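For reference, the chains in residue letters:
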Amino acid sequence: MTRRFSFFLRLPIILFLAHVYAALRLAAAAPAGAARWITVAALLLVYLLILAGFFTRRSVGSALGDAIAWAGFLSLGLFSWLLVLTFLRDVLLLLVTIAIAVRSEVISDPLFHLIHTTSAMAVPVLSLTAVFLGLLNARRLARVVDVEVRLPALPEALQGFTIVQVSDLHIGPTIKQRYVDAVVDAVNRLSPDIIALTGDLVDGGVARLAKDISPLARLKARHGIYAVTGNHEYYSGAEQWVAEFRRLGLDVLMNQHRILSYQGAMLVVAGVTDFGARGFDASQASDPATALSGAPAGAAVKILLAHQPRTAPAAAAAGFDLQLSGHTHGGQFWPWKYLVPLQQPFVDGLHRHGRMAVYVSRGTGYWGPPMRLGARSEITRIRLAGN
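Residues numbered from 1 in each chain as written. Predicted model: local features only at pLDDT ≥ 70, side-chain atom pairs only at ≥ 80, totals over all residues. Heavy atoms only, no water.

Student: Please set out the packing of helix 2 (residues 34-54) against helix 3 (residues 63-102) residue by residue, giving values where relevant.
Tutor: One can describe the packing of helix 2 onto helix 3 by two numbers: an axis separation of 7 Å at closest approach and a directional angle of 130 degrees. As the angle between them shows, helix 2 and helix 3 are arranged oblique. Relative to helix 3, helix 2 is oriented so that their crossing is left-handed. Every residue of helix 3 that contacts helix 2 at Leu43, Val46, Leu49, Ile50, Ala52, Gly53 and Phe54 is listed here: Ile68, Ala69, Ala71, Gly72, Ser75, Leu76, Leu78, Phe79 and Leu82. (Axes fitted to C-alpha atoms, helices over the stretch in contact; angles between N-to-C directions. Helix = DSSP H or I, 4+ residues; strand = E, 2+ residues; numbered from the N terminus. Parallel < 35°, antiparallel > 145°, perpendicular 65-115°, else oblique. Left-handed = near helix turned anticlockwise from the far one by under 90°. Contact = heavy atoms within 4.5 Å.)

Given below as structure tokens:
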């Protein structure tokens, strides 16, 4: 909790320095006079909107708070593209400068000036285009992704057992009841054996978001609806949210398991608290071994719901066969996918950690900027199969 508070204290400074860099580089390429001041003023406005979006989190659920959040998160998405493309433009200009130094006749001064000017104009144009396309992708209903998970020695009775996974809905300032209703309808149409909700369902307090999350009470599965906490539940008051989830009929697994009997075969569904829960409440430290403690040794399949993929080493050591996770959003939009491995062992899709299978959802909603490019949101239908 202290680390997160410290980060938000540093955030305005980090963002300011990033905006200064972008302003200096883009304004320098603009025609002298009003165009340069307009460039600087526009980036200052983007900076202020981003800060407003971050520091009105307590107002999530109110009309004004949600409107400010929309403006702030769209500005954050826009600036993300401006920053990345400004940096790539500088790399391009550096390469052109090196080419001129090596062979001055390759690129004439007029051509260099043209590259310098048009590349600066391309940065905001491409950024706005990316925001528009990303917004369209983010706001449409998550698609159903079918995944077959092959497990060794899977009994015949469990062949075709289906799990529908919903992760990272992030119900909050920009994702509301209408979208949640559509997700619930899509999940119910799949008629799953169980439903797995792998954390980060909310971004805000229970009092403000109870109506928006209420459609989850309509979820239907033959053998139960199971949920675990993600880091954003802890940011928003995990104790209150766990109580609300349970009131809605979700079976929240806090380092616990349930034993299911399916056509004569025994299956264990377990869940752990978020990987970082210890930082909020030491008694809720994530513990896959505790989650499996007391489960029948002869269970055919042991499934773990764990919000963060980095639970995998402990889950494999505890003896799980399959871990279902989210958290990463598949990077959500370029190029952040390439930074996820700095914190998590897997970004998205199906992987193996030793003998254990790990599936990482790209998320059913999104966080922050309402944008997705190169990482479509998903509702995942997982079918178990034997090797």
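Student: Can you tell me about unusual backbone geometry, naming the residues and giving the values?
Tutor: Geometrically, the link from Trp334 to Pro335 is a cis peptide bond, its omega value of 0 degrees lying close to zero. Mapped onto the fold, Pro335 is located in the loop between strand 9 (322-325) and strand 10 (349-353). The phi angle at Asp200 is positive, at roughly 55 degrees, despite the residue not being glycine. When you line up the elements, Asp200 lands in the loop between strand 3 (194-197) and helix 6 (206-213). Given a relative accessible area of 2%, Asp200 falls into the buried group. (Buried < 20%, exposed > 50% of the residue type's maximum accessible area, 1.4 Å probe, protein only.)

Student: Explain the sheet that holds strand 9 to me, using residue names and the numbers behind them.
Tutor: Sheet architecture is open: six strands sit in the order 6-7-8-9-11-10, paired in mixed fashion. The strands lining the two open edges of the sheet, one partner per strand, are strand 6 (256-262) and strand 10. The average angle at which neighbouring strand axes cross in this sheet is 20 degrees, direction not considered. Here strand 7 (residues 265-271) pairs with strand 8 (residues 301-305) via five bridges, running parallel. In the strand pairing of strand 8, Leu267 is matched with Val301. (Pairing = 2+ DSSP bridges.)

Student: Run through the packing of aromatic side chains, naming residues and quoting values.
Tutor: If you walk through the whole model with that rule in mind, you get ten aromatic pairs. Arranged with centres 6.4 Å apart and planes meeting at 25 degrees, the rings of Trp81 and Phe333 form a pair that is stacked. In this pair, Trp81 sits in helix 3 while Phe333 sits in the loop between strand 9 and strand 10, placing the two residues 252 residues apart along the sequence. Considered together, Trp81 and Phe333 belong to a single accessibility category, that of buried residues. Ring geometry for Trp81 versus Trp334: centroids 6.0 Å apart, planes at 25 degrees, classification stacked. (Phe/Tyr/Trp six-rings, centres within 6.5 Å; stacked < 30°, edge-to-face > 60°.)

Student: Explain the environment of Leu133 to me, using residue names and the numbers behind them.
Tutor: In this fold, Leu133 is placed in helix 4 (residues 109-139). Given the relative accessible area of 40%, Leu133 is considered partly exposed. Look past the residues within four positions of Leu133 in its chain and what remains in contact with it is Arg372 and Leu373.

Student: Can you break down the pairing of strand 3 residue by residue, with the values?
Tutor: Alternating residues of strand 3 divide into Ile194 and Ala196 and Ile195 and Leu197, and every residue in both groups is buried. Inspection of the sheet shows strand 2 (residues 162-166) paired to strand 3 by four bridges, in the parallel sense. Within strand 3, the position partnered with Val166 by the bridge is Leu197. Here three bridges tie strand 3 to strand 4 (residues 225-227), and the two strands are oriented parallel to one another. Residue pairing in the sheet places Ile195 in a bridge with Ile225 of strand 4. Of the crossover connections in this fold, the one passing from strand 3 over helix 6 to the parallel strand 4 is right-handed. (Right-handed = clockwise from strand over helix to strand, strands pointing away.)

Student: Which residues make up the packing of helix 6 against helix 8 (residues 238-247), and what are the values?
Tutor: Direction vectors running N to C along helix 6 and helix 8 enclose 25 degrees, while the axes themselves pass 11 Å from each other. Classed by the angle they form, the pair helix 6 and helix 8 counts as roughly parallel. Crossing angle aside, the handedness with which helix 6 passes helix 8 is right-handed. Where helix 6 approaches helix 8, its residues Val206, Leu209, Ala210 and Ile213 are matched on the opposing element by Gln240, Trp241, Glu244 and Phe245. Tallied by class, residues from the contact of helix 6 with helix 8 come to six nonpolar, one polar and one charged. (Nonpolar A, V, L, I, M, F, W, Y, C, P; charged D, E, K, R; others polar.)

Student: Which residues make up the side chain of His329, and what values do they have?
Tutor: In this fold, His329 is placed in the loop between strand 9 and strand 10. Within polar-contact distance, the side chain of His329 engages the side chain of Gln332 at 2.7 Å. Ignoring any residue separated from it by four or fewer positions in sequence, one finds His329 in contact with Asp168, His170, Ser361, Arg362, Tyr366, Trp367, Arg372 and Ala375. (Polar contact = N/O pair within 3.5 Å; in protein donor to acceptor, adjacent residues only side chain to side chain.)

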